[in-house]
Amino acid sequence: ARDSGHYEEAVTEYSIAAEMENAEGMYNLAIFLKEGRGTTKNLRLAEILLQKAAAQPIPDVKFGGISKDTVTKGNAAAWNSLGNYYANGIGSFIK
């Protein structure tokens, strides 16, 4: 939906994924909220979703699940976006 320019449909799909705690869905919905694409612009909700996406554990493919020894956490693009938020004075460091 996103690639074909059907932004409202993409927002719906990403919202469903985000509700299911899917890091990629949270990240993509946050980007749409940040830009106001297919939905009303909402920087605060975008930041919250980016934080949640960044905090999601990454499945350990070798062991078929989440490993307690996994060092890397979260969606890398979400971490990057959060860094940009804070570097540009957009983020509020929500806890």
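Every chain is numbered on its own, with residues counted from 1 as its sequence reads. Selection of residues for local features in this predicted model requires a pLDDT of at least 70, selection of side-chain atom pairs for listing and counting requires 80 or more, and totals for whole chains, interfaces and linings are taken over all residues. Where side-chain values are given, they derive from all heavy atoms of the structure, hydrogens and water being excluded.

Caption draft 1: Layout of the packing of helix H2 (residues 23–35) against helix H3 (residues 43–55). It is at 8 Å that the axes of H2 and H3 come closest, and there the two elements cross at 160 degrees. Considering the angle they form, H2 stands roughly antiparallel to H3. Note on packing geometry: the crossing formed by H2 with H3 is left-handed. Contact residues: Ala 23, Met 26, Tyr 27, Leu 29, Ala 30, Leu 33 and Lys 34 in H2; Leu 43, Leu 45, Ala 46, Leu 49, Leu 50, Lys 52 and Ala 53 in H3. Amino acid classes used here: Ala, Val, Leu, Ile, Met, Phe, Trp, Tyr, Cys and Pro are nonpolar; Asp, Glu, Lys and Arg are charged; the rest, including Gly, are polar. Of the residues belonging to the contact of H2 with H3, the class tally is 12 nonpolar, no polar and two charged. The angle between two axes is taken between their N-to-C directions and runs from 0 to 180 degrees, where each axis is a line fitted to C-alpha atoms and a helix contributes only its stretch in contact. Every helix listed is a DSSP run of H or I at least four residues long, and every strand listed is a run of E at least two residues long, numbered separately from the N terminus. These descriptions rest on fixed angle ranges, namely under 35 degrees for roughly parallel, over 145 for roughly antiparallel, 65 to 115 for roughly perpendicular, and the rest for oblique. For any helix crossing, the convention is left-handed if the near helix is rotated counterclockwise from the far helix by under a right angle, and right-handed if that rotation is clockwise. Two residues form a contact once any of their heavy atoms are found within 4.5 Å.

Caption draft 2: Quick look at the packing of helix H1 (residues 7–19) against H2. Across the interface, H1 lies against H2 with an axial gap of 8 Å and an inter-helix angle of 140 degrees. Considered as vectors, H1 and H2 are oriented oblique to each other. Both H1 and H2 take part in a crossing whose hand is left-handed. Every residue of H2 that contacts H1 at Tyr 7, Ala 10, Val 11, Tyr 14, Ser 15, Ala 17 and Ala 18 is listed here: Gly 25, Met 26, Asn 28, Leu 29 and Phe 32. For the contact of H1 with H2, the residue count by class is nine nonpolar, three polar and no charged.

Caption draft 3: Spotlight on H3. To estimate how far a helix should extend, the number of its residues minus one is multiplied by 1.5 Å. With 13 residues, H3 extends 18 Å between its outermost C-alpha atoms, agreeing within 8% with the 18 Å of an ideal straight helix rising 1.5 Å per residue. Burial classification: accessible surface area is computed with a 1.4 Å probe over protein chains only, and a residue below 20% of its type maximum counts as buried, one above 50% as exposed, and the rest as partly exposed. Those residues of H3 that sit buried are Ala 46, Glu 47, Leu 49, Leu 50, Ala 53 and Ala 54. Here the buried residues of H3 occupy an arc of 165 degrees about the axis, which is enough to place them on one side. Directions drawn from the helix axis to the C-beta atoms are what define this arc.

Caption draft 4: Layout of the nonpolar core. Buried Ala, Val, Leu, Ile, Met, Phe, Trp, Tyr and Cys residues form a nonpolar core when they are joined through side-chain atoms within 4.5 Å. By size, the foremost hydrophobic cluster in this structure holds 20 residues, and its most contacted members are Tyr 27, Leu 29, Leu 49, Leu 50, Ala 53 and Ala 78. Taken together, the elements giving at least two residues each to this core come down to H1, H2, H3 and helix H4 (76–87). With eight residues, H2 is the largest single contributor of residues to this core. When sequence neighbours within four positions are dropped, the list of residues in contact with Tyr 27 reads Leu 50, Ala 53, Asn 75, Ala 77, Ala 78 and Ser 81.

Caption draft 5: Highlighting the packing of aromatic side chains. Here is the rule: rings of Phe, Tyr and Trp (six-membered ring for Trp) pair when centre to centre is within 6.5 Å. Planes less than 30 degrees apart are stacked, more than 60 are edge-to-face, and the remainder are tilted. Taken as a whole and judged by the stated rule, the model has two aromatic pairs. Geometrically, the ring pair formed by Tyr 7 and Phe 32 is edge-to-face, given 5.7 Å between the ring centres and 75 degrees between the ring planes. Here the residue Tyr 7 occupies a position in helix H1, and Phe 32 occupies one in helix H2, the gap between them amounting to 25 residues. By relative accessible area, which is 30% here, Tyr 7 ends up partly exposed. Relative accessible area serves as the criterion here: at 1%, Phe 32 is assigned to the buried category. Grouping aromatic residues by their ring pairs yields a cluster made of Tyr 7, Tyr 14 and Phe 32. It is Arg 37 that lies over the ring of Tyr 7; its NZ or CZ is 5.3 Å from the centre. Any Lys NZ or Arg CZ that is within 6 Å of a ring centre and within 35 degrees of that ring's normal is treated as a charge sitting over the ring.

Interpretation in functional terms is not warranted from these geometric data alone.
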